[in-house]
Amino acid sequence: MIRMKQNTVLALASLMIACFSIFVLSSSVHAEQQIVGVKVGDWMEYDIDVTGTGSLPPSHDVRWMRLDVLSVDGVAFSVNITVRYANETWGSSIWEYNFTEGKNGGWTIIPANLNPGDTFFDYSPLANVTVQREEQRVVLGASRVVTYGNDSLREIKEWDKATGVFIGSIEVKQDFTNTDGWYFDNLTMTIKATATNMWGRQIFGLEQSVFALVISGLVFGVVGLAFVLIIWQKNNISKLCSRYSLLSSRVIPAIIIVGIVVFAYMAIPSVCMSHGLRNAEVNMIMQSVWMSLILASFGFRKADKHFIHGFLMTVVVIATLVSFASVLMMWSPADSAHTTATYFSASNKIAEFIVHGVFSIPALIFGVWFIALWRPNGNAAFPDKSRRIVKLLLIMWTLSYLVGIVGYIFDYTTLFGVH
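Residues numbered from 1 in each chain as written. Predicted model: local features only at pLDDT ≥ 70, side-chain atom pairs only at ≥ 80, totals over all residues. Heavy atoms only, no water.

(A) Local environment of the pattern of salt bridges. Counting across every chain of the model gives 11 salt bridges. Lys39 is the partner of Asp42 in a salt bridge, and the nearest nitrogen-oxygen pair spans 3.7 Å. Residue classification places Lys39 among the partly exposed positions, given a relative accessible area of 37%. Of the charged contacts, one joins Arg66 and Asp68 as a salt bridge, the two residues approaching to 2.7 Å between their closest N and O atoms. Classification of Asp68 by relative accessible area gives buried; the value is 6%. Each of Glu45, Arg66 and Asp68 takes part in salt bridges that share partners, so that together they form one network. (Salt bridge = Lys/Arg side-chain N within 4 Å of Asp/Glu carboxyl O. Buried < 20%, exposed > 50% of the residue type's maximum accessible area, 1.4 Å probe, protein only.)

Quick look at the structure:
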């Protein structure tokens, strides 16, 4: 009898241990599935198109959105959400995610690497959501595996499988009244990812961000080489100028310089944008152009061609100031809010902005000072008077350029192992 009781207790204990083991094993498998596929600094941008009859409430009439990952701690992480409304105002807020608790920001980011048939927990409405299917697709210029899922409340959404980040959906609101009492007549909302730093478009086998870096280096080299050749052939150019009485030895170099700068200023951004390069990539290429022209100017100074040195420096500084002024003229309080919400949301971004400003602002100041000293008709005292300013300008401009390049590599490529 006693032995029977002992056997019964042992059997029950074994059963409890087995059940506990199964629970722990299933929990661990579930936990393994709930992988956070994003990291600090990752971002995604979306365009939102609304068509049909009726209108969205002002608080939901969003036409652009951006996700910025701020922190990651296990299965919990925080994301800054920035939106632009239809009335051109901006808004932002920090969303807290936790896969264990089912907080996934309305499916904007779900666990990574879920296969068809796998589920993730959604605390609203307290249900497991099943990934229905997957397919290979080109997303933002790169081949990605895309997964799909929906439930009774949400229409089909698309995610990038490797990161779990939402990439698009088409949602129809027809004869529908939401919980706040807003009535939707017949609206179709199309959400589409437009840009990210989590992967890059492939161009000639290189990620777009790295390709832009290569193009920047090529532009730097080509422009620099062109002016090296001009300096090398200065005697032949002088002879060419002497053949035409209407053109002085200063007119032809001035025409060449203006032509190169205007071509760079107008053509390079247009060509880059038409091939899908982003603003940051175009800006980096243009900064390489200006830096190469600054160095070419110092080459002319060393060759005692002070008119060409001064004229080229003046044109470059003015072109840079015009670019800066055009940005300021298009700036608005809404843009300021947007920049504050996105660009200053991370400490590394703030550091980049401050360091870049420490070098770029003095560089422009010394550039304006240089222009004030330079005289097109020549001044024997100019080389000595401008020597210190020229050195400081070169140092500050070069440091500003290098900080910009390093910041670009950190923000838009994985060459340093981070975004």
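(B) Local environment of the packing of aromatic side chains. Within this structure, the stated rule accounts for 11 aromatic pairs. Ring plane angle 85° and centroid distance 5.9 Å describe the contact between Phe120 and Trp159, whose orientation is recorded as edge-to-face. Taken together, the positions of Phe120 in strand β5 (residues 119-122) and Trp159 in strand β9 (residues 157-160) put the pair 39 residues apart, joining distant regions of the chain. Summarising the burial analysis for this pair, Phe120 and Trp159 share the class buried. Through successive ring pairs, a cluster of aromatic residues spans Phe77, Tyr97 and Phe99. Just above the ring of Trp199 sits the side chain of Arg144; from NZ or CZ to the centre is 4.1 Å. (Phe/Tyr/Trp six-rings, centres within 6.5 Å; stacked < 30°, edge-to-face > 60°. Helix = DSSP H or I, 4+ residues; strand = E, 2+ residues; numbered from the N terminus. Lys NZ or Arg CZ within 6 Å of the ring centre and 35° of its normal.)

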